[in-house]
Structures are given as structure tokens and as C-alpha cells.
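# Structural description and commentary
Spelled out from the first residue to the last, the chains are:
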Amino acid sequence: MERWGASLYGNPCRDCGFDWSLTPLEALEWVKRLPARYGVLVDGRQGDERHPELAWNVVAYVCHVTDNLRNWAERLAGARLSGHRNVSGYDQDLLAHARSYNDASLAGALWSLKRAADSWVESVSAALEQNLVLEHSTRGIQRADDVARNNAHDAAHHAWDIERILAHHDRPTP
Ligand SMILES: [Zn+2]
């Protein structure tokens, strides 16, 4: 079984400090405010800033968070609307390659993030009301509140990655 959540990242997350004990409603609020947070985080940036240890640049992380929210919102909507509860993993690096994340426009990526976050809030709110449960092929049972926390963490964790990239980019030159 694939490890995920607090058992994989630690509680709080040993990298970004995310507190896994937040409630599903707090996760919803977190994702609601996410586009504004990311907007502030990358304000005045180009999106092509890089860190030597990371394959993705700033805009690529924004694209990934957007696609992750869309993917899980769609899965929960599928379970709610049709009873289809079996889901599998997806290859985030293949998706990044297929969509050329590193070459995307930052303004377009932020536009898309806002729409993805709004749709996610709608889908996850409905899933939480119905206590939906997904069956993930490698993670096992994923309740709607697990998805809410996982997705909020993904966005928080990658905000931390973006902060690291920008700190590296802005470092004083010797
Ligand atoms: Zn984290």
C-alpha cells in the first residue's frame, strides 16, 4: 500500500509545516483562499524562476496544483453523480511533460487555478456532505475528508516549493 498524508510527510509536514489535524472545513477554507495566496506569492514574477534541486519552475508548480485540484474534484464528482468510487493514481511528471508546465504563462496558470479552486470547493463540499468514500488502487480507502486535507496539503507544500525557488532566485550574488 502506498503511504500518503501524515504518515508520508510527518505531522506537521517536515518540509512545509502543514498541520494535518485541520478539519475538512478548514481545508475547504484554505483552498478557497488559495488563488489569492498564490497571487500574492508570485506577484511581479515571470514564472520561469528556478531552483537547482527542482525540475519544475514557479509556473509549473502553479499548473500542478491546478491539475491536482481538478483531478480530485472530478473524481469526487464522479463518485457523487454516478457511484463510481474506484480511482487510481496519476503520473504528475507525465502530465507536466504533456502540458509543458515549465513553458506555461503565469497569468494563464493563475486564471486556471482560480477556476479549479472554485470547482474543487463546490465538488468537495458536496462530497463531504455525503461522506463520500473513494477506493484508491494504491492508497486504499480515501474518504472525502482525506481528499480535502491531501489536496490542501499539496497546495501548501508547493507554495513552500515556490518560496524556496524565489528565495534562491533573489539570493544576493557574491
Ligand atoms: Zn508539506
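Residues numbered from 1 in each chain as written. Predicted model: local features only at pLDDT ≥ 70, side-chain atom pairs only at ≥ 80, totals over all residues.

As annotated in an unreviewed UniProt entry, the protein carries the name DinB family protein and is attributed to Kribbella pittospori.

### As for the pairing of strand β2 (residues 133-136)
Keep this limit in mind: The pairing criterion is simple: DSSP has to find at least two bridges between the two strands. The helix and strand labels rest on DSSP assignments: H or I over at least four residues marks a helix, E over at least two residues marks a strand, and numbering proceeds from the N terminus.
Inspection of the sheet shows strand β1 (residues 86-87) paired to β2 by two bridges, in the parallel sense. In the strand pairing of β2, Val-87 is matched with His-136. Summarising the sheet, β2 and strand β3 (residues 140-143) pair through four bridges and their orientation is antiparallel. Looking at the pairing, Val-133 lines up with Arg-143 of β3. The hairpin formed by β2 and β3 contains three residues between the paired strands.

### A look at the sheet that holds β3
Taken together, three strands build an open sheet; the order of strands is β1-β2-β3 and the sheet is mixed. Pairing within the sheet leaves two strands with one partner each, and these edge strands are β1 and β3.

### Things to note about the packing of helix α2 (residues 24-41) against helix α6 (residues 144-169)
Quick note on the threshold: Note on method: axes are straight lines fitted to C-alpha atoms, helices fitted across the in-contact stretch only, with angles between N-to-C directions ranging 0 to 180 degrees. We call two directions roughly parallel when the angle between them is under 35 degrees, roughly antiparallel when it is over 145, roughly perpendicular when it lies between 65 and 115, and oblique otherwise. In this scheme the handedness of a crossing depends on how the near helix is turned from the far one: anticlockwise by less than a right angle means left-handed, clockwise means right-handed. In this description, a residue-residue contact is defined by the distance between C-beta atoms placed from the backbone, which must lie within 7 Å. Note that Gly is not counted as nonpolar here; it falls among the polar residues with everything else outside the nonpolar set of Ala, Val, Leu, Ile, Met, Phe, Trp, Tyr, Cys and Pro and the charged set of Asp, Glu, Lys and Arg.
Two elements in contact, α2 and α6, have axes separated by 9 Å at closest approach and are oriented at 25°. When the axes of α2 and α6 are compared, the pair comes out roughly parallel. With respect to the hand of their crossing, α2 and α6 are arranged in left-handed fashion. Each of Pro-24, Ala-27, Leu-28, Trp-30, Val-31, Leu-34, Arg-37, Tyr-38 and Leu-41 in α2 lies in contact with α6, whose residues at this interface are Asp-145, Ala-148, Arg-149, Asn-151, Ala-152, Ala-155, Ala-159 and Ile-162. Looking at the contact of α2 with α6 residue by residue, the classes come out as 13 nonpolar, one polar and three charged.

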